[in-house]
Amino acid sequence: MHPERPEPIDQATLWNGSAGQAWVDAQALLDALFEPIERRLVDDARRRSARRVLDVGCGSGATTLAIARVLPAGGRGTGVDISQPLIAAARARADAGTNVDFVCADAQRHAFDAGAYDLLVSRFGLMFFDDPVAAFSNLRRAATHDASLCGYVWRSPAENPFMTTAERAARPWLPRMPVADPHAPGQFAFAERGRVARILARAGWVDVAIDALDVPMRLPATSLERYFTRLGPLGRMLADVEASTRARIVSTVHEAFAPFVHGDDVRFDAACWRIVARSTVAADTGGSR
């Protein structure tokens, strides 16, 4: 039986439902896993002497908070995400009086204040827009003249075998597991470098640089099962699988991850694109280059 290619998943429904709650539940695990990317974005904020930073697809807020801590006096970090559960988690971890705020909104459509941010960042949060040109145009309107965009997205599934191991191993047990449209909103929607460059150019960003980067990552081996049974397509499908079949799937997937397990750690390289671009002032903001 061939895998099905479904209609694109509505991102608001997904991230305000099971996916968003799963990320809240795994907040500490995911923050530790993606800390190498967070550290790079904090360094970007320092190098650019950023004062007003927008974190796009901020999730539960780890990167927003980390950047806010290094901003100069008067600086402020803002995180935006479409997921109410994740934004609630982000707000809960922000101390009273912290120079950060969190907005629950679709960054593609939200009416940001024009020219409000001198740095826009994202840790794997840029790939989920249903109209990416419109989204990056809207984000450009939110940027100051000559603001920077610094983001990390995944390269192709083939270059990220760790990220696809669970689905590949489970597919014989779950033949109806869908195969994603490579250009639909989702984890690997920005896998094609040329497509990303065209999207940014059409949205008015300039000096675009998209560079391949392999980032070493690790998680405790004791957390591996929680990781693959709660997150991603497999995590969503396992909720409806009867117990004996679920046990077989979990065992099979554990075996498939064996090449990545080294003693007490699971280690892999995240194959990313590092995206850097510069804003120009949108025509409707009243500015000029």
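Owing to the predicted nature of the structure, the values given are computational and were not obtained by experimental measurement.

### Quick word on the overall build of the protein
Link 1 in the chain: Counting its secondary structure elements, the protein contains 12 helices and 8 strands.
Link 2 in the chain: Computed over C-alpha atoms, the radius of gyration of the protein comes to 19 Å, within 12% of the 19 Å expected from 2.2 N^0.38 for 289 residues, which places it in the range of a compact globule.
Link 3 in the chain: Its C-alpha atoms give the protein principal-axis dimensions of about 60 × 40 × 30 Å.
Link 4 in the chain: By the burial criterion, 50% of the 289 residues in the protein qualify as buried.

### Some words on unusual backbone geometry
Link 1 in the chain: Of note in this structure, Ser49 is not a glycine but carries a positive phi near 50°.
Link 2 in the chain: Mapped onto the elements, Ser49 comes out in the loop between α4 (35–47) and β1 (52–56).
Link 3 in the chain: Here Ser49 falls in the exposed class, since its relative accessible area comes to 55%.

### Comments concerning the environment of Gly235
Link 1 in the chain: Here Gly235 shows up in helix α11 (residues 232–238).
Link 2 in the chain: The class for Gly235 is buried, based on a relative accessible area of 11%.
Link 3 in the chain: In this structure, the C-alpha to C-alpha distance between Gly235 and Phe260, residues 25 residues apart in sequence, is 19 Å.

### Digging into the packing of helix α8 (residues 161–170) against helix α12 (residues 243–256)
Link 1 in the chain: Contact pair α8 / α12: the axes reach a minimum separation of 9 Å and the direction vectors enclose 135°. Between α8 and α12, the angle is such that the two are oblique. For the pair α8 and α12, the sense of crossing is right-handed. Across from Thr165, Ala166, Ala169 and Ala170 in α8, the residues of α12 making contact are Ile249, Thr252, Val253 and Ala256.
Link 2 in the chain: Of the residues in the contact of α8 with α12, the class split is 6 nonpolar, 2 polar and no charged.

### Observations concerning the pairing of strand β2 (residues 76–81)
Link 1 in the chain: Of all 6 residues that make up β2, 5 are buried, and the element is covered over most of its length.
Link 2 in the chain: Looking at chain direction, β1 and β2 are connected through 5 bridges and run parallel. The partner of Asp55 across the bridge, within β2, is Gly79.
Link 3 in the chain: Read as a crossover between parallel neighbours, the route from β1 over helix α5 (residues 62–68) to β2 is right-handed.
Link 4 in the chain: Relative to strand β3 (residues 100–104), β2 runs parallel, the two sharing 5 bridges. Following the sheet pairing, Gly79 is matched in β3 by Phe102.
Link 5 in the chain: Between the parallel pair β2 and β3, the chain is carried across by helix α6 (residues 84–93), and the sense of this crossover is right-handed.

### With respect to the environment of Pro132
Link 1 in the chain: Within the fold, Pro132 resides in helix α7 (residues 132–142).
Link 2 in the chain: As a C-alpha pair, Pro132 and Met163 span 31 residues in sequence and 23 Å in three-dimensional space.
Link 3 in the chain: Discounting chain neighbours no more than four positions away, the residues touching Pro132 are Phe190, Arg195 and Ile199.

### Let's talk about helix α2 (residues 18–25)
Link 1 in the chain: Listed in full, the buried residues belonging to α2 are Ala19, Gly20, Ala22 and Val24.
Link 2 in the chain: Turning to α2, the residues buried within the fold contact α1 (11–15), α3 (27–33), α6, α10 (224–230) and α11.

### Focus: the nonpolar core
Link 1 in the chain: Ranked by size, the top nonpolar core spans 80 residues in total, and within it Phe136, Phe162, Phe190, Trp205 and Leu234 carry the most contacts.
Link 2 in the chain: Beyond its immediate stretch of four places on either side in the chain, Phe162 contacts Leu219, Leu224, Tyr227, Phe257, Phe260, Val266 and Phe268.
Link 3 in the chain: The next biggest cluster of nonpolar side chains, apart from the first, holds 7 residues, and it includes Cys58, Leu65, Ala90 and Val100.

### Brief notes about the pairing of strand β8 (residues 265–278)
Link 1 in the chain: Counted residue by residue, β8 has 11 buried out of 14 residues, so it is predominantly covered.
Link 2 in the chain: Bridge count for strand β5 (residues 143–154) against β8 is 7 bridges, and the pairing is antiparallel. Directly across from Gly151, in β8, lies its bridge partner Ile275.
Link 3 in the chain: Pairing between strand β6 (residues 206–220) and β8: 13 bridges, direction antiparallel. Residue Val215 lies in a different strand from β8, and its bridge partner there is Ala270.

Reading the values: the criteria
- Residues numbered from 1 in each chain as written.
- Predicted model: local features only at pLDDT ≥ 70, side-chain atom pairs only at ≥ 80, totals over all residues.
- Heavy atoms only, no water.
- Helix = DSSP H or I, 4+ residues; strand = E, 2+ residues; numbered from the N terminus.
- Rg over C-alpha atoms; globule rule 2.2 N^0.38 Å.
- Buried < 20%, exposed > 50% of the residue type's maximum accessible area, 1.4 Å probe, protein only.
- Axes fitted to C-alpha atoms, helices over the stretch in contact; angles between N-to-C directions.
- Parallel < 35°, antiparallel > 145°, perpendicular 65-115°, else oblique.
- Left-handed = near helix turned anticlockwise from the far one by under 90°.
- Contact = heavy atoms within 4.5 Å.
- Nonpolar A, V, L, I, M, F, W, Y, C, P; charged D, E, K, R; others polar.
- Pairing = 2+ DSSP bridges.
- Right-handed = clockwise from strand over helix to strand, strands pointing away.
- Core = buried A, V, L, I, M, F, W, Y, C linked by side-chain atoms within 4.5 Å.

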